[in-house]
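# Descriptive structure summary
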Amino acid sequence: MTELHASQEAVPDSTVPGSTVPCSTVPCSTVADSAPAEEKATSTFPEDGPGGRAALSAKVPAPQTNWDPADPGGRPPQTPPVNFGWGRWAWRQLTSMRTALVLLFLLALGSIPGSLLPQQGQDPAAVQNYFTSHPALAPWLNHLGLFNVFAAPWFAAIYLLLFASLVGCVVPRTFRLAGAARTPPPRAPRNLGRLPHSASYHSALAADEAVAIAAAALGGKRFRLRRPAEGDKTYWVSAEKGYLREAGNLLFHLALLGVLVSIAIGGLFGYKANKLMIEGGSFSNTVSALDEFHPGRLVTGSDLAPFSITLKGFSANYYTSGESRGQPSSFDARISYSSSPGAPAKPYDLRINQPLNVDSLKVYLIGHGYAPEFTVTDQSGKVVYDEATPFIPANTGTFESDGVVKVPDASPTQLGFIGVFVPTAVSVNGVLESAFPAPELPAVSLLGYEGNLGINSGIPQSVYQLDTTAMTQVTAKPFLLQPGQSFTLPGGRGKITFTGYKQWVSLAITYDPGQVPALVCGILALAGLLLSFLVRRRRVFVRAAGTEEGSVVTVGGLARTDAGGGFEDEFAELVAQLRAAHNEGHSVGPTEQQSEA
Amino acid sequence: MPSRLVTTVKGRKRAAVSLAAVAAVLLAGGLWAAQASGGTPNGETYVDGNPSAVLYDTGHRALVPDFSGTTLAGVPLRLATYRGTVVVLNFWGSWCAPCRSEGETLAALSGRYAHAGVSFIGVDENDTPTNAEAFEQGFGIKYPSLNDPSASIAQAVSSAVLISSPPTTLVIDRTGHVAGAIFGTATYSVLNTMISKAMTGKAGA
């Protein structure tokens, strides 16, 4: 308060007695109280720096507390629009159609790497492969989040902005449309002859009677009517039809919001998971069993549907001749599943584009490969490894696959093998290659290592890669094994047997509770759009002026949007009907005209 | 449109409504942050301030649903028969690196509490019996492990405490309720603390 008194003393020639704050020291906060001034202020704010207004109001610490209730202006105090202009400007930019389009374009652009590069969420094995084949480039791409595009922060930034932009655009529009759908038709114009469609004729009826009959006829055709106010001495009726257009538009916008909300629901409450299964294996839908689990923001691991799946067998068929030789013709994963522990197991054939629906989630078959089976005995002769080990296809045309075998419990030292599996072995210039994706002549080529696998340190490592930094190679050259064959490591270090192979499938489990609402909203949006395109909003006005013989009736028509045309015919028919109603039992007058402007 | 000036107040109202709508959306989106950074709910304390080692106060302990299975040695085992003793339930796999780093801890603690009324049970997940037995022999683990390649036990127990990827270790009190949980590698001191706390609790508490 002392500051205020000081400022008052500093401006002794204040012309407003009784007002504690002279208006001249607060040019903005008081002037802005009137709407036109504020409008001007907001439209010219870009010149008005962000600090400008704040600096002005800062001269008076709390202007609103000093507002005098006796002020003749009589307006309540308002918070000075400090920095509000910039916020509003930013909001307008964000919610503008242009920004939304740019963001939509960016979203599409951002999705491109998601379809060009392998994605962690869909095919982690392919990502692994990419890292091996592009050791220099892959880490950089990984830093940019390009292996998990749809979870990358920059992608989230784009869609959150787009979301905000769309919501900020659609919500106000919805209110406007709701208002437009409720507005009654306007007063009838004075000169109906100037309207695009008009007609006039004589009637033997008095003007008020003629208008009443016209109103009844139009009302019967489900036009929305407006009559002159009480005490108005003119005779007219305004009628409007086609409000469904606005309703359709409203439905479209609301449904669009619904789509956004559905997507948000899917993102918050849905989840995605991946699981690699080997023939004969089974898994329960729980975090512990899943290879990858990507929960929505509001999903925890205990929300997972408690189903389980057993992979009975998998078969892939390939074209054996022609141009598409080696291309797959069909995949078939024979599974059995139970929707909850203890529930009876049901068989199902899982195929590409034939996902399993269980507990309102979907299980897709997204990949397959070979898992050669090995047993390893260590130096003491004890079997320390017996497992079908999934190998990752390096060449999806021939299914030449890479993998490693880690034997952490071999003694005296851990053993490791880097291997290549070929389903149909051929030798090309002495190099092992695969000629065909089907297992016609399966073989593995292995390279043996001993030493420290690095796995006992507790740091999780890829099961598809062997860290050889603390290991030494024990076989000079790769050795080749066919099913049933063994190789004894030099120096009595142990023996590895290639006992056979199984096939594996990778499954994607997705739960998207927003999918059905999104579909329903999408359909509603389409229906609303069709309504707004197909329904015409049209107005018909009828005026009657009294004459000696009765009245002159003028009818005017206006299609606000002549979508599809055809209003002329409707108007002509309407005029004919009105005329007939107005001249029942009377001869039609000679002076008549109908015009099309 | 001359109505621009006239509708300022209305426009402001609309702007407020749309702002509110966006705020609601952002709030919903922001919930995850609150969830992620949420502190300890009532009845939970962290051992040594480690958020992956949780102690539950009596009254806030979830009942572990009963389960049964076959051990790697082929012997049937049912959790309910362990009522009245403290049970250390360890989910593991021979392929899992953190499980290998806690192998010695589990072997040592199971030896230490062998005659103190504490039973250790392993649940071997996503593994083969041969590999698992090689692991147990390598680390000198004597207690039984259930063979559960499909992780169905983890699925059942998750209704009490979420069992994530192995390793996860639960300390179950004499009444069959979860007294403590370690999500990740168990260290000797943390697991020892949990076992002692679970043992001091009276039966029926």
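Here we summarise the structure given alongside this text. Since we're looking at a predicted model, the values are computed, not measured.

### Some points on the overall build of chain B
A count of helices and strands for chain B gives 7 helices and 9 strands. Buried positions account for 41% of the 205 residues belonging to chain B. Partitioning the intrachain contacts of chain B with sequence separation of at least 6 by distance along the chain shows that 67% fall at a separation of at least 24.

### So, the sheet that holds strand β5 (residues 86-92) of chain B
Residue and element names in this part refer to chain B. Spatial ordering of the open sheet is given by β1-β2-β9-β8-β5-β6-β7, a layout of 7 strands whose pairing is mixed. The open sheet has two edge strands with one neighbour each: β1 (44-47) and β7 (145-148). For this sheet, the mean inter-axis angle between neighbouring strands, taken without regard to orientation, is 20 degrees. Pairing of strand β8 (residues 168-172) with strand β9 (residues 178-183), which is carried by 5 bridges, proceeds in the antiparallel orientation. Along β9, the bridge assignment pairs threonine 168 with phenylalanine 183. The sheet contacts of helix α7 (residues 188-200) involve β1, β2 (50-56), β5, β6 (118-125), β8 and β9, and relative to β9 the element is tilted by about 170 degrees.

### Details of the nonpolar core
Of all hydrophobic cores here, the largest spans 109 residues; its most connected members are Val171(B), Ile172(B) and Met194(B). Sorting elements by how many residues they give to this core places strand β22 (residues 494-511) of chain A first, with 8 residues. When neighbours within four sequence positions are excluded, Val171(B) is seen to be in contact with Val86(B), Val88(B), Ala179(B), Gly180(B), Met194(B), Ile195(B) and Ala198(B). Membership of the second largest hydrophobic core comes to 29 residues, among which are Ala210(A), Val542(A), Val555(A) and Phe571(A).

### Observations concerning unusual backbone geometry
Between Ser411(A) and the following residue, Pro412(A), the backbone shows a cis peptide bond with an omega angle of 5 degrees. In this fold, Pro412(A) is placed in the loop between β14 (400-407) and β15 (414-422). With an omega of 0 degrees, the peptide bond between Pro166(B) and Pro167(B) qualifies as cis. On the secondary structure map, Pro167(B) appears in the loop between α6 (152-157) and β8. Of note, the phi angle at Ala151(B) is positive, near 65 degrees, even though the residue is not glycine. Overall, Ala151(B) belongs to the buried group, with 28 C-beta atoms counted inside 10 Å.

### Focus on the interface of chain A and chain B
Facing the 44 residues of chain A at the interface are 42 residues of chain B. Breaking the side of chain A that touches chain B down by element, the ones donating at least two residues are α3 (35-43), α9 (153-182), α11 (244-269), β5 (282-284) and β12 (383-388) of chain A. Element by element, the count of residues in the side of chain A that touches chain B is highest for α9(A), at 8 residues.

### With respect to the environment of Tyr501(A)
Residues and elements named next belong to chain A. Tracing the backbone through its elements, the reader meets tyrosine 501 in strand β22. Tyrosine 501 sits 129 residues away from proline 372 along the chain, and the two C-alpha atoms are 4.0 Å apart. Ignoring sequence-local partners within four residues, the contact set of tyrosine 501 consists of Tyr370, Ala371, Pro372, Glu373, Pro439, Pro442 and Pro483.

### Description of the pairing of strand β23 (residues 538-546) of chain A
Residue and element names in this part refer to chain A. With 7 of its 9 residues buried, β23 lies for the most part within the structure. As judged from the 6 bridges shared by strand β3 (residues 236-241) and β23, these two strands associate in the antiparallel manner. Across the sheet, residue tryptophan 236 finds its bridge partner in β23, namely arginine 543. Bridge count between β23 and strand β24 (residues 551-559): 9 bridges; the pairing is antiparallel. Residue pairing for β24: arginine 543 is matched across the bridge by threonine 554. The antiparallel pairing of β23 with β24 creates a hairpin that spans 4 residues between the two strands, and glycine 550 there sits at a positive phi of about 150 degrees.

### What about the pairing of β6(B)?
All names here are of chain B. When you tally the buried positions in β6, you get 6 out of 8 residues, the bulk of the element. Pairing of β5 with β6 involves 7 bridges; the strand directions are parallel. Each residue of the ladder has a partner; that of phenylalanine 91, found in β6, is valine 123. One ladder, built from 4 bridges, connects β6 with β7; its direction is parallel. Opposite aspartate 124, over in β7, you have asparagine 147 as the bridge partner. Remark: the β6/helix α5 (residues 129-139)/β7 crossover connection has right-handed handedness.

### With respect to the packing of helix α6 (residues 97-116) of chain A against α9(A)
Packed helices, taken two at a time, are described by the angle their axes make and the gap between the axes. Residues and elements named next belong to chain A. Across the interface, α6 lies against α9 with an axial gap of 9 Å and an inter-helix angle of 150 degrees. The angle between the axes of α6 and α9 places the two elements in the roughly antiparallel class. Pair α6 / α9 crosses with left-handed handedness. Seen from α6, the contacting residues are Met97, Thr99, Ala100, Leu103, Leu104, Leu106, Leu107 and Gly110; seen from α9, they are Phe155, Ile158, Tyr159, Leu161, Leu162, Ser165, Leu166 and Cys169. Considered class by class, the residues forming the contact of α6 with α9 number 13 nonpolar, 3 polar and no charged.

Reading the values: the criteria
Along every chain, residues carry numbers that run from 1 in the direction the sequence is written. Think of it this way: whatever chain is written first is A, whatever ligand is written first is 1, and the rest follow in order. Totals for whole chains, interfaces and linings use every residue, but because this is a predicted model, local features are given only for residues with pLDDT of at least 70 and side-chain atom pairs only at 80 or more, for both listing and counting. Elements are defined by DSSP. Helices are runs of H or I of four residues or more, strands are runs of E of two residues or more, and each kind is numbered from the N terminus. The burial criterion counts other C-beta atoms lying within 10 Å of a residue's C-beta, which is placed from the backbone; the residue is buried at 20 or more, exposed at 12 or fewer, and partly exposed between these limits. Residues are treated as contacting if the C-beta atoms built from their backbones sit within 7 Å of each other. Note on pairing: DSSP must find at least two bridges between two strands before they are called paired. Angular values range over 0 to 180 degrees, each being the angle between N-to-C directions of two axes fitted as lines to C-alpha atoms, with helices fitted over their stretch in contact. For the purposes of this analysis, a nonpolar core is taken to be any set of buried Ala, Val, Leu, Ile, Met, Phe, Trp, Tyr and Cys residues that are connected through C-beta atoms within 7 Å. Whether a crossover is right-handed comes down to one check: with the strands pointing away from the viewer, does the path from the first strand over the helix to the second run clockwise; if it does, it is right-handed. Roughly parallel refers to an angle under 35 degrees, roughly antiparallel to one over 145, roughly perpendicular to one between 65 and 115, and oblique to any angle outside these ranges. In this scheme, a crossing is called left-handed if the near helix is turned counterclockwise away from the far one by less than a right angle; it is called right-handed if the turn is clockwise. Lys, Arg, Asp and Glu make up the charged group, whereas Ala, Val, Leu, Ile, Met, Phe, Trp, Tyr, Cys and Pro make up the nonpolar group; the residues left over, Gly among them, are polar.

Purely geometric numbers; function is a separate question.
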